[in-house]
Amino acid sequence: MAKPAERSAARLAAVQALYQMDVSGKGVIDALAEFEAFWIGREVEGIEFQPSDLEFFRNILSGVVQNQRPIDVKIDKALAEGWPLKRIEAVLRAILRAGAYELMFRKDVPARVVISEYVDVAHGFYHEDEPGLVNAVLDTLARDVRAGELEKKAAGHPKR
């Protein structure tokens, strides 16, 4: 079983690889090979890339690519009216796609963990409203694709 820190590093690496694929047009095979060979667990330009859960990294990256259409449809529905995913900046788009993939296809990972992890990733890139946007979009999406899971937690708290 991977350590939580290795899963967090895998999420960050997946977001970076998705971003790179988006802006460069690289395919998933090239992105996987490049990140595994040159980034993950190495120091690049003074930045240390933490060891990652490689299998989890591969799963997120290939899962987003294989399921991009249904993922993008769900994200578009969760975004504010008039702000389709294609208008969202590329790093933010990569964060939302990776988070949406986990919520939709990795039911073994608790929804609250997914949301929290990708909000943390967003904080690594942004210092304005973007982490709040990631939180809101992924929370909306989780209530759609995992309604029962989020409601069960809330049901335990008495209303005042």
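Keep in mind that what you see is a predicted model, and the values were worked out from it rather than measured. (Residues numbered from 1 in each chain as written. Predicted model: local features only at pLDDT ≥ 70, side-chain atom pairs only at ≥ 80, totals over all residues. Heavy atoms only, no water.)

1. Some words on the environment of Arg143
The criterion, for reference: Only DSSP runs of H or I reaching four residues or more are called helices, and only runs of E reaching two or more are called strands; each is numbered from the N terminus. Residue exposure (1.4 Å probe, protein chains only): buried if accessible area is under 20% of the type maximum, exposed if over 50%, otherwise partly exposed.
Locating Arg143 in the fold gives a position in helix H7 (residues 130-145). On the accessibility criterion, Arg143 (37% relative accessible area) is partly exposed.

2. Regarding helix H3 (residues 54-66)
To be explicit about the condition: For a helix, the expected span equals 1.5 Å multiplied by the residue count minus one. Our arc is simply the arc of the directions from the helix axis toward the C-beta atoms.
An ideal rise of 1.5 Å per residue puts 18 Å on 13 residues; H3 measures up with 18 Å between its terminal C-alpha atoms. For H3, the set of buried residues is Phe56, Phe57, Ile60, Leu61, Gly63 and Val64. Buried positions in H3, seen along its axis, are confined to an arc of 165° and lie on one side of it. Exposed positions of H3 whose direction lies more than 90 degrees from the buried face are Glu55 and Gln66.

3. Notes on the side chain of Arg93
Threshold: Whether two residues touch is decided by their heavy atoms; if any such pair falls within 4.5 Å, the residues are in contact.
Tracing the chain through its elements places Arg93 in helix H5 (residues 90-105). Among all residues touching Arg93, those that are not within four sequence positions of it are Asp22, Leu85, Lys86 and Ile88.

4. Section: the packing of H5 against helix H6 (residues 111-125)
Our working rule: Where helices are involved, their axes are fitted lines through C-alpha atoms of the stretch in contact, as for all axes, and angles between N-to-C directions lie from 0 to 180°. Comment on the angle field: the value is read as roughly parallel under 35 degrees, roughly antiparallel over 145, roughly perpendicular from 65 to 115, and oblique elsewhere. Here is the rule for handedness: rotate from the far helix to the near one, and if that takes an anticlockwise turn smaller than a right angle the crossing is left-handed, while a clockwise turn gives right-handed. Note that Gly is not counted as nonpolar here; it falls among the polar residues with everything else outside the nonpolar set of Ala, Val, Leu, Ile, Met, Phe, Trp, Tyr, Cys and Pro and the charged set of Asp, Glu, Lys and Arg.
One way to put it is that H5 packs onto H6 with a least axis distance of 10 Å and a crossing angle of 165°. Between H5 and H6, the interaxial angle falls into the category roughly antiparallel. H6 is crossed by H5, and the crossing has right-handed handedness. Together, Val91, Ile95, Ala98, Gly99, Glu102 and Leu103 of H5 and Ala111, Val114, Tyr118, Val121, Ala122 and Phe125 of H6 make up the contact between the two elements. The class makeup of the residues in the contact of H5 with H6 is 10 nonpolar, 1 polar and 1 charged.

5. Some words on the confidence of the model for the protein
For the record, the criterion: As a per-residue quantity, pLDDT reports the predictor's confidence and falls between 0 and 100.
Here the protein averages 83 in pLDDT, while 79% of its residues score no lower than 70. When pLDDT is averaged over each element of the protein, H5 comes out on top at 96 and strand E1 (residues 43-44) at the bottom at 48.

6. Concerning the packing of aromatic side chains
We count it as follows: When the centres of two rings from Phe, Tyr and Trp lie within 6.5 Å, Trp using its six-membered ring, the rings pair. Their planes under 30 degrees apart give stacked, over 60 give edge-to-face, and anything left gives tilted. Note on geometry: a ring has a charge over it if NZ (lysine) or CZ (arginine) is within 6 Å of the ring centre and within 35 degrees of the ring normal.
The final tally for this structure, using the stated rule, is 1 aromatic pair. For the ring pair Tyr101 and Phe105, a centre distance of 5.6 Å and an interplane angle of 25° mean the geometry is stacked. Residue Tyr101 and its partner Phe105 are both found in helix H5; the two are separated by 4 residues, about one turn of the helix. Residue class for Tyr101 comes out buried when judged on its relative accessible area of 5%. Assessed through its relative accessible area of 35%, Phe105 is described here as partly exposed. Of note, Arg7 hangs over the ring of Phe56, and the distance from its end group to the ring centre comes to 3.9 Å. Seen from the ring of Trp83, Arg87 lies directly overhead, with NZ or CZ sitting 3.9 Å from the centre.

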